[in-house]
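Working through the structure, step by step
As a plain string of letters, each chain reads:
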Amino acid sequence: MDGSPRFLVQSFQERYGDAAVSRIFRAPGRVNLIGEHTDYNLGFVMPMALDLACFTAVSPAAGDRLRVYSKNLDDSRDWAVSGIQTAKPDGDWGDYVMGVASELVKAGYEVPAANVLIWSSVPVGSGLSSSAAIEVSVAKALLGDRSMEPLELAKLCRRAENNFVGMPCGIMDQYISVFGREKAAVKIDCRSLECEIVPLPASAEFVAVNTMVKHELGSSAYRNRVAECAAAVATVQEKYPMVASLRDVSSRMLSEFQEIMEPVVMRRARHVVSEDERVEAFVAASGRGDLKLMGELLQASHRSLQHDYEVSCEELDFLVDTALGIPGVFGARMTGGGFGGCTVNMLRPEAAPHFRATLSEAYQKRFGLTPVMYPCRPSFGASEISAS
Ligand code: GLA
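Since this is a predicted model, take the numbers as computed values, not measurements. (Residues numbered from 1 in each chain as written. Predicted model: local features only at pLDDT ≥ 70, side-chain atom pairs only at ≥ 80, totals over all residues. Heavy atoms only, no water.)

1. Remarks on the overall build of the protein
When you go through the protein residue by residue, the secondary structure sums to 11 helices and 12 strands. For the C-alpha atoms alone, the extent of the protein along its principal axes is close to 65 × 50 × 40 Å. Within the protein, residue pairs in contact and separated by at least 24 positions form 72% of the contacts whose partners lie at least 6 positions apart. In the form shown here, the protein has an accessible surface area of approximately 15800 Å², with 51% of it arising from carbon and sulfur atoms. Side chains of the protein give 39 positive and 48 negative charges; the mean places of these two sets differ by 1 Å. (Helix = DSSP H or I, 4+ residues; strand = E, 2+ residues; numbered from the N terminus. Contact = heavy atoms within 4.5 Å. Areas by Shrake-Rupley, 256 points an atom, 1.4 Å probe, with all protein chains shown as cover. Lys, Arg positive; Asp, Glu negative; His and termini not counted. Charge placed at Lys NZ, Arg CZ, Asp CG, Glu CD.)

2. What about unusual backbone geometry?
Non-glycine residue Ser-129 carries a positive phi angle of around 70°. By the secondary structure assignment, Ser-129 is in the loop between strand S5 (114–120) and helix H3 (130–143). Its identity as a non-glycine residue notwithstanding, Phe-339 has a phi of 60°, on the positive side. Along the chain, Phe-339 falls in the loop between strand S9 (329–334) and strand S10 (340–347).

3. Side note on the packing of aromatic side chains
The full count for this structure, using the stated rule, is 9 aromatic pairs. For the pair Phe-318 and Phe-367, a centre-to-centre distance of 5.5 Å together with 85° between the ring planes defines the contact as edge-to-face. Here Phe-318 is found in helix H10 (residues 314–324), whereas its partner Phe-367 is found in helix H11 (residues 352–367), with 49 residues between them in sequence. Every member of this aromatic cluster is reached through a ring pair, and the members are Phe-7, Phe-55 and Trp-119. Over the ring of Phe-380 we find Arg-26; its NZ or CZ atom is 4.2 Å from the centre of that ring. (Phe/Tyr/Trp six-rings, centres within 6.5 Å; stacked < 30°, edge-to-face > 60°. Lys NZ or Arg CZ within 6 Å of the ring centre and 35° of its normal.)

4. As for the sheet that holds S9
Here we have 4 strands laid out as an open sheet, ordered S9-S10-S8-S11, and antiparallel in their pairing. Bordering the open sheet on either side are S9 and strand S11 (373–375), each of which pairs with just one other strand. Geometrically, the sheet is characterised by an average inter-axis angle of 20° between neighbouring strands, direction not taken into account. In the packing of helix H9 (residues 291–308) onto the sheet, the strands contacted are strand S8 (205–214), S9 and S10, and the crossing angle to S9 comes to about 25°. Relative to the sheet, H11 contacts S8, S9, S10 and S11, its axis offset from that of S8 by approximately 15°. (Pairing = 2+ DSSP bridges. Axes fitted to C-alpha atoms, helices over the stretch in contact; angles between N-to-C directions.)

5. Observations concerning the site of the ligand
By nearness alone, every residue bordering the ligand is listed as Arg-30, Glu-36, His-37, Asp-39, Tyr-40, Cys-169, Gly-170, Met-172, Asp-173, Tyr-222, Gly-336 and Gly-337. Arg-30 is positioned with one of its side-chain polar atoms (N or O) 3.0 Å from an oxygen atom of the ligand. Here an oxygen atom of the ligand and a side-chain polar atom of Glu-36 are 2.6 Å apart. Taken atom by atom, the bulk of the ligand overlaps the largest pocket. Looking at the shell around the ligand residue by residue, the classes come out as 4 nonpolar, 4 polar and 4 charged. (Near = heavy atom within 4 Å. Polar contact = N/O pair within 3.5 Å; in protein donor to acceptor, adjacent residues only side chain to side chain. 1 Å grid on protein atoms, 1.4 Å probe; cavity = no way out; pocket = protein on both sides within 12 Å on 5 of 7 lines; lining within 4 Å. Sits in = over half its atoms within 2 Å of the grid points. Nonpolar A, V, L, I, M, F, W, Y, C, P; charged D, E, K, R; others polar.)

6. Points about the layout of surface pockets
Put simply, the largest pocket is a space of about 1200 Å³. Lining the largest pocket are 45 residues, and of these Tyr-96, Gly-125, Ser-131, Glu-161 and Lys-214 sit closest to its centre. Looking at the lining of the largest pocket, the elements that each hand over two or more residues are helix H2 (94–106), S5, H3, helix H4 (150–165), helix H5 (172–179) and helix H6 (218–239). With 4 residues, H6 is the largest single contributor of residues to the lining of the largest pocket. Partitioning the lining of the largest pocket into residue classes produces 15 nonpolar, 20 polar and 10 charged. (Points joined across faces, edges and corners; volume = space filled by probe spheres on them.)

7. Focus: the nonpolar core
Core analysis: the largest hydrophobic core is formed by 76 residues, its most contacted members being Leu-33, Met-46, Leu-66, Ile-118, Leu-128, Phe-206 and Phe-282. When neighbours within four sequence positions are excluded, Phe-206 is seen to be in contact with Leu-33, Met-48, Leu-200, Phe-282, Leu-298, Val-344, Asn-345, Met-346, Tyr-374, Pro-375 and Cys-376. Ranked by size, the runner-up nonpolar core spans 28 residues in total, among them Val-233, Met-253, Val-265 and Val-272. (Core = buried A, V, L, I, M, F, W, Y, C linked by side-chain atoms within 4.5 Å. Buried < 20%, exposed > 50% of the residue type's maximum accessible area, 1.4 Å probe, protein only.)

8. Here's the deal with the side chain of Asp-39
Relative to the elements of secondary structure, Asp-39 occurs in the loop between strand S1 (23–34) and strand S2 (44–60). As a buried residue without a salt bridge, Asp-39 has its nearest oppositely charged side chain in Arg-158, at a separation of 6.7 Å. Reaching out from Asp-39, the side chain makes a polar contact with the backbone nitrogen of Ile-171 at a distance of 3.4 Å. One polar contact links the side chain of Asp-39 to the main-chain amide nitrogen of Met-172, over a distance of 3.2 Å. (Salt bridge = Lys/Arg side-chain N within 4 Å of Asp/Glu carboxyl O.)

9. Observations regarding the packing of H9 against H10
Interaxial distance between H9 and H10 falls to 12 Å at its minimum, and their mutual angle equals 155°. In this view, H9 runs roughly antiparallel relative to H10, as classed from their interaxial angle. Pair H9 / H10 crosses with left-handed handedness. Along the contact surface, H9 presents Gln-299, His-302, Arg-303 and Gln-306, while H10 presents Leu-316, Asp-317, Val-320, Asp-321 and Leu-324. Residue composition of the contact of H9 with H10, by class: 3 nonpolar, 3 polar and 3 charged. (Parallel < 35°, antiparallel > 145°, perpendicular 65-115°, else oblique. Left-handed = near helix turned anticlockwise from the far one by under 90°.)

10. Notes on the pairing of strand S7 (residues 195–199)
Relative to S7, strand S6 (residues 184–189) is paired through 5 bridges, and the arrangement is antiparallel. Bridge pairing in S7 links Ile-188 to Cys-195.

11. Looking at the pattern of salt bridges
Opposite charge on two side chains permits pairing when their charged atoms draw close. All told, the structure shown has 28 salt bridges when counted by the stated rule. The partner of Glu-384 in a salt bridge is Arg-23, and the shortest N-O contact between them spans 2.7 Å. Of the two residues, Glu-384 sits in strand S12 (residues 383–385) while Arg-23 sits in strand S1, which places them 361 residues apart along the sequence. Given the relative accessible area of 36%, Glu-384 is considered partly exposed. Between Glu-256 and Lys-239 there is a salt bridge; the shortest N-O distance is 2.6 Å. Separated by 17 residues along the polypeptide, Glu-256 in the loop between helix H7 (251–255) and helix H8 (263–288) and Lys-239 in helix H6 bring together distant segments of the chain. The exposure class assigned to Lys-239 is partly exposed, which follows from its relative accessible area of 49%. By sharing partners, the salt bridges in this structure join Arg-225, Glu-228, Arg-267, Arg-268 and Glu-310 into a single network.

Right, dumping it as C-alpha coordinates:
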(Lines give C-alpha, C1' and ligand atoms only; values in the text may rest on other atoms or scores of the structure.)
Protein backbone atom coordinates (compact mmCIF):
# COMPACT_ATOMS: atom_id res chain seq x y z
CA MET A 1 0.00 0.00 0.00
CA ASP A 2 1.28 3.48 -0.79
CA GLY A 3 0.11 7.00 -1.40
CA SER A 4 0.46 6.86 -5.19
CA PRO A 5 -2.37 8.46 -7.17
CA ARG A 6 -3.01 5.10 -8.84
CA PHE A 7 -3.49 3.31 -5.55
CA LEU A 8 -5.75 6.07 -4.26
CA VAL A 9 -7.85 6.23 -7.42
CA GLN A 10 -8.23 2.47 -7.48
CA SER A 11 -9.18 2.29 -3.81
CA PHE A 12 -11.65 5.12 -4.32
CA GLN A 13 -13.30 3.31 -7.19
CA GLU A 14 -13.51 0.06 -5.26
CA ARG A 15 -15.33 1.94 -2.53
CA TYR A 16 -17.57 4.29 -4.46
CA GLY A 17 -18.23 2.44 -7.72
CA ASP A 18 -18.32 4.62 -10.82
CA ALA A 19 -17.73 7.91 -9.05
CA ALA A 20 -14.32 9.06 -10.23
CA VAL A 21 -11.89 10.84 -7.89
CA SER A 22 -11.83 14.45 -8.85
CA ARG A 23 -9.04 15.66 -6.61
CA ILE A 24 -6.43 14.36 -4.16
CA PHE A 25 -4.84 16.38 -1.36
CA ARG A 26 -1.79 15.47 0.67
CA ALA A 27 -0.80 16.75 4.12
CA PRO A 28 2.34 15.54 5.91
CA GLY A 29 3.02 14.33 9.45
CA ARG A 30 5.99 15.79 11.26
CA VAL A 31 8.84 15.11 13.61
CA ASN A 32 9.61 17.78 16.15
CA LEU A 33 13.38 18.21 16.50
CA ILE A 34 13.26 20.39 19.60
CA GLY A 35 10.79 22.63 21.45
CA GLU A 36 8.44 20.19 23.17
CA HIS A 37 5.33 21.31 25.07
CA THR A 38 6.25 24.90 24.31
CA ASP A 39 3.66 25.63 21.60
CA TYR A 40 0.66 26.07 23.92
CA ASN A 41 2.91 28.27 26.06
CA LEU A 42 3.38 30.50 22.99
CA GLY A 43 7.08 29.67 22.74
CA PHE A 44 9.30 28.14 20.06
CA VAL A 45 9.22 24.79 18.30
CA MET A 46 11.31 23.36 15.49
CA PRO A 47 9.61 20.57 13.58
CA MET A 48 10.14 19.27 10.06
CA ALA A 49 7.38 17.90 7.86
CA LEU A 50 7.93 14.27 6.85
CA ASP A 51 7.35 12.29 3.71
CA LEU A 52 4.86 10.27 5.77
CA ALA A 53 1.54 11.88 4.91
CA CYS A 54 -2.24 11.63 4.82
CA PHE A 55 -3.99 11.63 1.42
CA THR A 56 -7.61 12.64 1.00
CA ALA A 57 -9.33 11.81 -2.28
CA VAL A 58 -12.63 13.54 -2.91
CA SER A 59 -15.37 13.77 -5.44
CA PRO A 60 -18.65 15.73 -5.32
CA ALA A 61 -21.79 13.69 -4.68
CA ALA A 62 -25.48 14.23 -5.33
CA GLY A 63 -27.77 14.57 -2.31
CA ASP A 64 -26.68 15.85 1.07
CA ARG A 65 -24.39 13.14 2.47
CA LEU A 66 -20.75 13.53 3.39
CA ARG A 67 -19.40 10.00 3.14
CA VAL A 68 -15.92 9.29 4.43
CA TYR A 69 -14.05 6.03 4.16
CA SER A 70 -10.79 5.28 5.98
CA LYS A 71 -8.80 2.90 3.81
CA ASN A 72 -6.38 2.16 6.66
CA LEU A 73 -9.14 1.12 9.06
CA ASP A 74 -11.61 -0.16 6.47
CA ASP A 75 -14.23 1.85 8.31
CA SER A 76 -16.63 4.53 7.15
CA ARG A 77 -18.72 7.46 8.42
CA ASP A 78 -21.67 9.12 6.81
CA TRP A 79 -23.21 12.44 7.85
CA ALA A 80 -25.91 14.74 6.49
CA VAL A 81 -24.18 17.99 5.56
CA SER A 82 -27.19 19.83 6.98
CA GLY A 83 -26.41 18.28 10.38
CA ILE A 84 -22.77 19.35 10.57
CA GLN A 85 -23.44 22.34 12.78
CA THR A 86 -25.05 20.21 15.48
CA ALA A 87 -22.83 17.13 15.15
CA LYS A 88 -21.32 15.71 18.35
CA PRO A 89 -17.99 13.87 18.69
CA ASP A 90 -18.03 10.04 18.71
CA GLY A 91 -14.60 9.66 20.27
CA ASP A 92 -13.00 8.05 17.19
CA TRP A 93 -11.19 8.91 13.95
CA GLY A 94 -14.33 10.43 12.42
CA ASP A 95 -14.02 13.31 14.89
CA TYR A 96 -11.00 14.68 13.01
CA VAL A 97 -13.10 14.86 9.85
CA MET A 98 -16.25 16.20 11.48
CA GLY A 99 -14.21 18.63 13.59
CA VAL A 100 -12.81 20.16 10.42
CA ALA A 101 -16.22 20.16 8.69
CA SER A 102 -17.80 21.86 11.68
CA GLU A 103 -15.09 24.54 11.89
CA LEU A 104 -15.47 25.18 8.15
CA VAL A 105 -19.20 25.72 8.60
CA LYS A 106 -18.58 28.01 11.60
CA ALA A 107 -16.14 30.01 9.46
CA GLY A 108 -18.84 30.48 6.83
CA TYR A 109 -17.79 27.81 4.30
CA GLU A 110 -20.48 25.52 3.02
CA VAL A 111 -19.42 21.88 3.19
CA PRO A 112 -20.51 20.08 0.02
CA ALA A 113 -22.03 16.61 -0.25
CA ALA A 114 -19.07 14.44 -1.21
CA ASN A 115 -17.50 11.02 -1.31
CA VAL A 116 -14.17 11.02 0.48
CA LEU A 117 -11.43 8.45 0.93
CA ILE A 118 -8.62 8.87 3.44
CA TRP A 119 -5.38 6.93 3.44
CA SER A 120 -2.41 7.76 5.62
CA SER A 121 1.16 6.54 5.95
CA VAL A 122 1.64 8.42 9.23
CA PRO A 123 1.56 5.78 11.97
CA VAL A 124 -1.25 6.47 14.46
CA GLY A 125 -0.20 7.09 18.07
CA SER A 126 3.44 7.52 17.07
CA GLY A 127 3.84 11.17 18.03
CA LEU A 128 4.36 12.00 14.35
CA SER A 129 1.13 13.94 14.13
CA SER A 130 -1.21 11.65 12.24
CA SER A 131 -4.20 13.68 13.42
CA ALA A 132 -3.02 17.02 12.03
CA ALA A 133 -2.23 15.28 8.73
CA ILE A 134 -5.84 14.08 8.51
CA GLU A 135 -7.26 17.44 9.54
CA VAL A 136 -5.25 19.46 7.05
CA SER A 137 -5.75 17.13 4.08
CA VAL A 138 -9.49 16.87 4.80
CA ALA A 139 -9.81 20.65 5.16
CA LYS A 140 -8.14 21.16 1.78
CA ALA A 141 -10.35 18.50 0.20
CA LEU A 142 -13.56 20.01 1.58
CA LEU A 143 -12.49 23.49 0.52
CA GLY A 144 -11.74 22.34 -3.03
CA ASP A 145 -11.40 25.42 -5.23
CA ARG A 146 -12.12 27.87 -2.47
CA SER A 147 -8.97 29.52 -1.22
CA MET A 148 -8.00 30.05 2.39
CA GLU A 149 -4.84 31.72 3.68
CA PRO A 150 -2.41 28.97 4.79
CA LEU A 151 -2.20 30.38 8.30
CA GLU A 152 -5.99 30.48 8.56
CA LEU A 153 -6.08 26.85 7.42
CA ALA A 154 -3.63 25.80 10.15
CA LYS A 155 -5.58 27.72 12.79
CA LEU A 156 -8.90 26.26 11.64
CA CYS A 157 -7.52 22.71 11.88
CA ARG A 158 -6.17 23.41 15.34
CA ARG A 159 -9.62 24.67 16.37
CA ALA A 160 -11.10 21.41 15.07
CA GLU A 161 -8.86 19.55 17.48
CA ASN A 162 -9.40 21.96 20.39
CA ASN A 163 -13.16 22.39 20.03
CA PHE A 164 -14.44 19.14 18.53
CA VAL A 165 -11.91 16.44 19.36
CA GLY A 166 -11.45 18.14 22.74
CA MET A 167 -7.64 18.10 22.81
CA PRO A 168 -6.16 21.42 24.01
CA CYS A 169 -3.14 21.14 21.67
CA GLY A 170 -0.99 24.01 20.45
CA ILE A 171 -0.54 25.08 16.82
CA MET A 172 2.68 23.20 15.97
CA ASP A 173 1.32 20.11 14.22
CA GLN A 174 -1.21 21.83 11.98
CA TYR A 175 1.22 24.66 11.22
CA ILE A 176 4.06 22.43 10.04
CA SER A 177 1.68 20.24 8.06
CA VAL A 178 0.69 23.37 6.13
CA PHE A 179 4.09 25.13 6.02
CA GLY A 180 6.55 22.20 5.72
CA ARG A 181 9.64 22.73 3.56
CA GLU A 182 11.86 20.35 1.68
CA LYS A 183 15.43 20.06 2.98
CA ALA A 184 14.78 22.16 6.09
CA ALA A 185 13.25 22.30 9.52
CA VAL A 186 10.99 25.20 10.42
CA LYS A 187 11.38 27.22 13.60
CA ILE A 188 7.96 28.50 14.57
CA ASP A 189 7.26 31.36 16.92
CA CYS A 190 3.98 30.18 18.40
CA ARG A 191 3.05 33.67 19.51
CA SER A 192 3.63 35.75 16.37
CA LEU A 193 3.00 32.67 14.19
CA GLU A 194 5.92 33.68 12.05
CA CYS A 195 8.50 31.12 11.05
CA GLU A 196 12.11 30.80 10.03
CA ILE A 197 13.36 28.17 7.62
CA VAL A 198 16.33 26.36 9.16
CA PRO A 199 18.46 24.32 6.74
CA LEU A 200 20.10 21.45 8.60
CA PRO A 201 23.77 20.43 8.42
CA ALA A 202 24.28 17.78 5.73
CA SER A 203 26.69 15.87 7.94
CA ALA A 204 23.95 14.68 10.27
CA GLU A 205 20.73 12.82 9.69
CA PHE A 206 17.64 12.38 11.80
CA VAL A 207 15.88 9.08 12.40
CA ALA A 208 12.60 8.64 14.27
CA VAL A 209 12.30 5.41 16.23
CA ASN A 210 8.86 4.17 17.25
CA THR A 211 8.46 2.59 20.70
CA MET A 212 5.29 0.95 19.31
CA VAL A 213 3.51 1.85 22.54
CA LYS A 214 1.02 4.57 23.40
CA HIS A 215 0.16 4.78 27.08
CA GLU A 216 -3.42 5.74 27.88
CA LEU A 217 -2.33 8.38 30.35
CA GLY A 218 -1.29 10.64 27.46
CA SER A 219 -4.32 12.84 26.92
CA SER A 220 -5.19 13.42 30.57
CA ALA A 221 -1.55 14.21 31.35
CA TYR A 222 -1.51 16.67 28.44
CA ARG A 223 -4.49 18.53 29.93
CA ASN A 224 -2.82 18.54 33.35
CA ARG A 225 0.34 20.02 31.91
CA VAL A 226 -1.63 22.77 30.18
CA ALA A 227 -3.30 23.55 33.55
CA GLU A 228 0.00 23.42 35.46
CA CYS A 229 1.58 25.88 33.03
CA ALA A 230 -1.40 28.22 33.54
CA ALA A 231 -0.89 27.91 37.32
CA ALA A 232 2.78 28.86 36.91
CA VAL A 233 1.80 31.93 34.88
CA ALA A 234 -0.75 32.95 37.55
CA THR A 235 1.95 32.86 40.26
CA VAL A 236 4.41 34.85 38.16
CA GLN A 237 1.70 37.41 37.37
CA GLU A 238 1.36 38.27 41.07
CA LYS A 239 4.70 40.02 40.77
CA TYR A 240 4.84 40.66 37.02
CA PRO A 241 1.33 41.46 35.77
CA MET A 242 2.60 41.96 32.22
CA VAL A 243 3.49 38.27 31.85
CA ALA A 244 0.89 36.62 29.63
CA SER A 245 2.42 33.17 29.17
CA LEU A 246 5.56 31.19 30.01
CA ARG A 247 6.99 32.63 26.79
CA ASP A 248 7.49 35.89 28.70
CA VAL A 249 9.42 34.25 31.53
CA SER A 250 13.20 33.80 31.57
CA SER A 251 15.07 31.24 33.70
CA ARG A 252 16.28 34.07 35.88
CA MET A 253 12.83 35.48 36.45
CA LEU A 254 11.52 32.03 37.26
CA SER A 255 14.19 31.47 39.90
CA GLU A 256 12.71 34.36 41.90
CA PHE A 257 9.69 32.14 42.55
CA GLN A 258 11.63 29.17 43.87
CA GLU A 259 10.28 29.62 47.42
CA ILE A 260 6.66 30.36 46.64
CA MET A 261 5.74 28.29 43.59
CA GLU A 262 4.44 24.78 44.17
CA PRO A 263 7.38 22.42 43.44
CA VAL A 264 5.60 20.45 40.70
CA VAL A 265 4.43 23.62 39.00
CA MET A 266 7.96 25.02 39.26
CA ARG A 267 9.39 21.96 37.52
CA ARG A 268 6.84 22.18 34.69
CA ALA A 269 7.64 25.86 34.20
CA ARG A 270 11.37 25.19 34.34
CA HIS A 271 11.02 22.71 31.50
CA VAL A 272 9.09 25.12 29.29
CA VAL A 273 11.33 28.11 29.96
CA SER A 274 14.56 26.16 29.45
CA GLU A 275 13.17 24.39 26.38
CA ASP A 276 12.49 27.73 24.68
CA GLU A 277 16.10 28.67 25.37
CA ARG A 278 17.26 25.35 23.92
CA VAL A 279 15.37 25.95 20.67
CA GLU A 280 17.18 29.25 20.17
CA ALA A 281 20.52 27.63 21.02
CA PHE A 282 19.80 24.70 18.66
CA VAL A 283 19.06 27.00 15.73
CA ALA A 284 22.26 28.96 16.37
CA ALA A 285 24.32 25.76 16.70
CA SER A 286 22.82 24.42 13.49
CA GLY A 287 23.82 27.62 11.68
CA ARG A 288 27.40 27.16 12.86
CA GLY A 289 27.37 23.44 12.03
CA ASP A 290 28.10 22.66 15.69
CA LEU A 291 26.76 19.10 15.67
CA LYS A 292 28.09 18.31 19.11
CA LEU A 293 26.19 21.13 20.75
CA MET A 294 23.04 20.28 18.80
CA GLY A 295 23.25 16.74 20.14
CA GLU A 296 23.78 17.97 23.70
CA LEU A 297 20.73 20.19 23.44
CA LEU A 298 18.63 17.24 22.27
CA GLN A 299 19.78 15.25 25.28
CA ALA A 300 19.12 18.12 27.67
CA SER A 301 15.64 18.44 26.20
CA HIS A 302 14.97 14.78 26.87
CA ARG A 303 16.17 14.93 30.46
CA SER A 304 14.01 17.95 31.08
CA LEU A 305 10.95 16.19 29.62
CA GLN A 306 11.78 13.08 31.61
CA HIS A 307 12.41 14.63 35.02
CA ASP A 308 10.79 18.07 35.08
CA TYR A 309 7.86 17.75 32.71
CA GLU A 310 7.39 14.02 33.35
CA VAL A 311 5.91 13.07 29.99
CA SER A 312 8.41 10.37 29.04
CA CYS A 313 8.05 6.65 29.79
CA GLU A 314 10.23 3.59 30.26
CA GLU A 315 10.26 2.68 26.58
CA LEU A 316 11.24 6.19 25.43
CA ASP A 317 13.95 6.47 28.09
CA PHE A 318 15.35 3.10 27.12
CA LEU A 319 15.55 4.05 23.43
CA VAL A 320 17.21 7.36 24.26
CA ASP A 321 19.71 5.88 26.73
CA THR A 322 20.60 3.06 24.36
CA ALA A 323 20.97 5.38 21.36
CA LEU A 324 23.33 7.65 23.30
CA GLY A 325 25.70 4.72 23.77
CA ILE A 326 25.93 3.98 20.03
CA PRO A 327 28.96 5.45 18.19
CA GLY A 328 28.08 8.23 15.76
CA VAL A 329 24.96 9.35 17.64
CA PHE A 330 25.02 13.07 18.54
CA GLY A 331 21.82 13.14 20.54
CA ALA A 332 18.39 11.64 21.06
CA ARG A 333 15.15 12.66 22.69
CA MET A 334 11.48 11.81 22.82
CA THR A 335 9.40 13.73 20.28
CA GLY A 336 5.75 14.79 20.34
CA GLY A 337 3.41 14.69 23.33
CA GLY A 338 5.15 11.76 25.08
CA PHE A 339 3.98 8.63 26.96
CA GLY A 340 5.03 6.50 24.01
CA GLY A 341 5.37 7.28 20.33
CA CYS A 342 8.78 8.09 18.87
CA THR A 343 12.22 9.26 19.76
CA VAL A 344 14.17 11.44 17.34
CA ASN A 345 17.84 10.66 16.91
CA MET A 346 20.58 12.77 15.35
CA LEU A 347 23.49 10.77 13.96
CA ARG A 348 26.27 10.58 11.41
CA PRO A 349 24.82 9.16 8.18
CA GLU A 350 27.48 6.46 8.06
CA ALA A 351 26.51 5.31 11.56
CA ALA A 352 22.91 4.55 10.52
CA PRO A 353 23.17 0.80 9.73
CA HIS A 354 24.89 -0.02 13.02
CA PHE A 355 22.52 2.30 14.89
CA ARG A 356 19.45 0.57 13.47
CA ALA A 357 20.68 -2.93 14.16
CA THR A 358 21.93 -2.25 17.69
CA LEU A 359 18.89 -0.29 18.82
CA SER A 360 16.45 -2.75 17.34
CA GLU A 361 18.10 -5.73 18.96
CA ALA A 362 18.36 -4.10 22.38
CA TYR A 363 14.73 -2.94 22.32
CA GLN A 364 13.45 -6.33 21.23
CA LYS A 365 15.39 -8.00 23.96
CA ARG A 366 14.06 -5.63 26.60
CA PHE A 367 10.42 -5.15 25.54
CA GLY A 368 9.73 -7.93 23.03
CA LEU A 369 8.73 -5.35 20.41
CA THR A 370 10.39 -4.40 17.12
CA PRO A 371 10.82 -0.63 16.95
CA VAL A 372 9.94 0.70 13.50
CA MET A 373 12.39 3.35 12.25
CA TYR A 374 11.70 6.22 9.88
CA PRO A 375 14.44 8.25 8.20
CA CYS A 376 13.36 11.88 8.56
CA ARG A 377 13.46 13.52 5.13
CA PRO A 378 12.10 17.05 5.37
CA SER A 379 9.16 17.33 3.03
CA PHE A 380 6.89 20.02 1.59
CA GLY A 381 3.64 21.09 3.23
CA ALA A 382 0.03 20.38 2.30
CA SER A 383 -0.87 20.53 -1.38
CA GLU A 384 -3.01 19.05 -4.09
CA ILE A 385 -1.47 16.17 -5.99
CA SER A 386 -2.45 15.10 -9.45
CA ALA A 387 -5.11 12.37 -9.57
CA SER A 388 -3.66 10.86 -12.75
C1 GLA B 1 1.22 17.22 20.68
C2 GLA B 1 0.39 18.48 20.40
C3 GLA B 1 1.29 19.65 20.01
C4 GLA B 1 2.42 19.85 21.02
C5 GLA B 1 3.12 18.51 21.30
C6 GLA B 1 4.14 18.64 22.40
O7 GLA B 1 1.82 16.81 19.50
O8 GLA B 1 -0.54 18.25 19.37
O9 GLA B 1 0.52 20.83 19.88
O10 GLA B 1 1.96 20.44 22.19
O11 GLA B 1 2.20 17.50 21.67
O12 GLA B 1 5.18 19.47 22.02
